[in-house]
Amino acid sequence: MSDDPHDLRPDTRVVTAGRRPEWTAGVVNTPVWRASTILYDDVAHLRASGAADTHHRLFYGRRGTPTQWSLADALTSLEPGAEGTFLYPSGVAAIAACLLAVLSPGDELLVPDSAYDPTRSMATGLLKRFGIAARFYDPLIGEGIAELVGPNTRAIFMESPGSLTFEVQDVPAIVAVAKSRGIATILDNTWATPLFFPAIGKGVDYSILACTKYVVGHSDVMLGSVTAGSGRFAALRETSFQLGQVTSPDDAWLGSRGLRTMSVRLRQHQASALEVARWLAAQPEVSRVLHPALASCPGHKTFARDFLGSSGLFSFALQGGDERSRATLINALDHFGIGYSWGGYESLALPVDPARHRSATTPDFAGPLIRLQIGLEDPADLIADLARGLAAFRAARG
Ligand SMILES: Cc1ncc(COP(=O)(O)O)c(C=O)c1O
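Just so it is clear, the model here is predicted, and its values are computed rather than measured.

Some words on the site of the ligand
- The immediate surroundings of the ligand are formed by Ser90, Gly91, Val92, Tyr116, Glu159, Ser163, Asp188, Ala210, Thr212, Lys213, Met222 and Trp342.
- In the model, an oxygen atom of the ligand is placed 2.6 Å from a nitrogen or oxygen of the Thr212 side chain.
- Take Lys213: an N or O atom from its side chain is 2.7 Å from an oxygen atom of the ligand.
- Here the ligand, which alone exposes 380 Å², has 92% of that area covered by the protein.
- Looking at the shell around the ligand residue by residue, the classes come out as five nonpolar, four polar and three charged.

What follows is the structure, encoded as structure tokens:
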């Protein structure tokens, strides 16, 4: 049997990855190693430790313990071709560290217009303050990105699909342009995870996960990660150390615990979300379903070509209606919580207004949008709930 975890099938990797005997010390799950101070045998030992590379060696709590290394190692194993992973206390912290590792004053960053709003704010706020320019582009631009690349373009950010309107980006085409110009590529891969889109293997330089979503899977921990491709990890780690980034071992432990069931959870999210999405597409109150696996979603052909599966988050547009009738629908639901985030075991419904966060494109739908996170409940109950919600919407819309 090969020692390379990348040679194992993904389901097996999810179960075995990161469980090194020196970290698990004889138990199944790597325990929670909580530490700030690490004690040395003598002064010579202390001095020798400080001088050496501290990767996977106890040095000081901020550099991590086996609990964080185990999860980081497991996430690296899920991305064939990856060199290493750094963990962060949230997905947004992961995005910030990655951008700061790659960009310098005077550089330009290209950002899809569909990007998660805090990613936009980072580009137009924090990065701008440090002299980094951002240009927003149509997420469906594909190889047309070549036209936007300027002399100072250093990185192209992607989020595929976008987490409100689900445009699927042509990542291979954008990566090809970036590689030919020596530009770094960064992908927010939270929706698909490496199980449904192994990003580093497709040439992406940095694959970001808001582990808060599917890795944790239980809506009770904030966590993020950046997995770096070949030759990219050292700079990411150094910048993250300089930023003082460290993830609590307790949170990393919960992340590892979630990861072990991620592939079975994702398969159920996939099946249930598809069932609900197809049902919604047949309802007269629904004008369009934005689910990457359905032909009605922008970029669906790219999805069908590149992805190994779909997860549990998608949106649908109502046929007519307004803010009030949309709220009536959502308030009528019993099995859908109303709240931010996604990727947990429970269903959620959220009113979303993508036009508020756009500058390069104008999303145009027949009515307001609702984003659904389909959890692990029986999809028949969720569909019955949505039928009640649509009836309430119909009455309110008039
Ligand atoms: C697509 C996407 N990326 C990143 C994040 C940020 O993750 P976190 O909430 O862990 O900071 C989110 C959160 O909703 C998200 O939807």
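Regarding the UniProt feature "modified residue: N6-(pyridoxal phosphate)lysine" (unreviewed entry) in the protein chain
- With numbering aligned to this structure, UniProt lists the feature "modified residue: N6-(pyridoxal phosphate)lysine" (unreviewed entry) at Lys213.
- Overall, the relative accessible area of 10% leaves Lys213 in the buried class.
- When sequence neighbours within four positions are dropped, the list of residues in contact with Lys213 reads Thr190, Ser341, Trp342 and Gly343.

Some points on the domain arrangement of the protein chain
- In terms of domains, the protein chain is made up of domain 1 (5-259) and domain 2 (262-397).
- A C-alpha centroid distance of 28 Å is found between domain 1 and domain 2.
- Counting residues at the interface gives 42 residues for domain 1 and 42 residues for domain 2.
- Sorting the residues of domain 1 by area buried against domain 2 places Trp191, Phe196 and Tyr214 first, and these three jointly supply 23% of that buried surface.
- There are three salt bridges connecting domain 1 and domain 2.
- Asp170 serves as the salt-bridge partner of Arg305, at 2.7 Å between the closest nitrogen and oxygen.
- Remark: the boundary between domain 1 and domain 2 carries 27 residue pairs in polar contact (both at pLDDT 80 or more).
- Going through the elements one at a time, α1 (10-16), α6 (117-124), β3 (133-137), α9 (193-196) and α11 (249-259) are the ones with two or more residues in the side of domain 1 that touches domain 2.
- Top element by residues in the side of domain 1 that touches domain 2 is α9. It accounts for three residues.
- Class assignment for the residues of the side of domain 1 that touches domain 2 results in 21 nonpolar, 12 polar and nine charged.

Notes on the sheet that holds strand β1 (residues 82-88)
- Read across the sheet, seven strands follow the order β1-β7-β6-β5-β4-β2-β3 without closing on themselves; strand pairing throughout is mixed. Both edges of this open sheet fall to β1 and β3, since each of them pairs with a single strand only. Sheet twist, expressed as the mean angle between neighbouring strand axes with direction ignored, is 20 degrees.
- Bridge count between β1 and strand β7 (residues 224-229): six bridges; the pairing is antiparallel. Pairing of Thr85 across the sheet is with Thr227, part of β7.
- This element, helix α5 (residues 91-102), spans β1, β2 (108-112), β4 (153-159), β5 (184-188), β6 (206-209) and β7 of the sheet and lies at about 160 degrees to β6.
- Of the strands in this sheet, β3, β4 and β5 touch helix α8 (residues 171-181), which is tilted by about 170 degrees from β4.

Comments concerning α8
- Residues of α8 that are buried: Val171, Ala173, Ile174, Val175, Val177 and Ala178.
- The inward-facing, buried residues of α8 abut β3, β4 and β5.
- Measuring from the side-chain oxygen of the N-cap residue of α8 to the backbone nitrogen of Ala173 gives 3.2 Å; that N-cap residue is Asp170.
- A positive phi of about 70 degrees marks Gly182, the residue just after α8.

A few points about the pattern of salt bridges
- In the structure shown here, the tally under the stated rule is 18 salt bridges.
- In this structure, the salt-bridge partner of Asp250 is Arg34, at a minimum N-O distance of 2.8 Å. One end of the pair, Asp250, is in helix α11; the other, Arg34, is in the loop between α2 (21-24) and α3 (43-51), and 216 residues separate them in sequence.
- On the basis of relative accessible area, Asp250 is assigned to the partly exposed category, the value being 28%.
- The exposed category is assigned to Arg34, whose relative accessible area is 61%.
- When the shortest N-O distance is used, the salt bridge between Arg358 and Glu167 registers 3.3 Å. Of this pair, Arg358 sits in the loop between β11 (348-352) and β12 (369-373) while Glu167 sits in the loop between β4 and α8, and the two are 191 residues apart along the sequence.
- Shared partners join several salt bridges into a network, and the residues in it are Glu323, Arg326, Asp353 and Arg356.

Reading the values: the criteria
Residues numbered from 1 in each chain as written. Predicted model: local features only at pLDDT ≥ 70, side-chain atom pairs only at ≥ 80, totals over all residues. Heavy atoms only, no water. Near = heavy atom within 4 Å. Polar contact = N/O pair within 3.5 Å; in protein donor to acceptor, adjacent residues only side chain to side chain. Areas by Shrake-Rupley, 256 points an atom, 1.4 Å probe, with all protein chains shown as cover. Nonpolar A, V, L, I, M, F, W, Y, C, P; charged D, E, K, R; others polar. UniProt positions renumbered as here; feature names shortened; annotations may be inferred. Buried < 20%, exposed > 50% of the residue type's maximum accessible area, 1.4 Å probe, protein only. Contact = heavy atoms within 4.5 Å. Domains from an automatic or database assignment. Buried area = accessible area lost by both parts, 1.4 Å probe. Salt bridge = Lys/Arg side-chain N within 4 Å of Asp/Glu carboxyl O. Helix = DSSP H or I, 4+ residues; strand = E, 2+ residues; numbered from the N terminus. Pairing = 2+ DSSP bridges. Axes fitted to C-alpha atoms, helices over the stretch in contact; angles between N-to-C directions.

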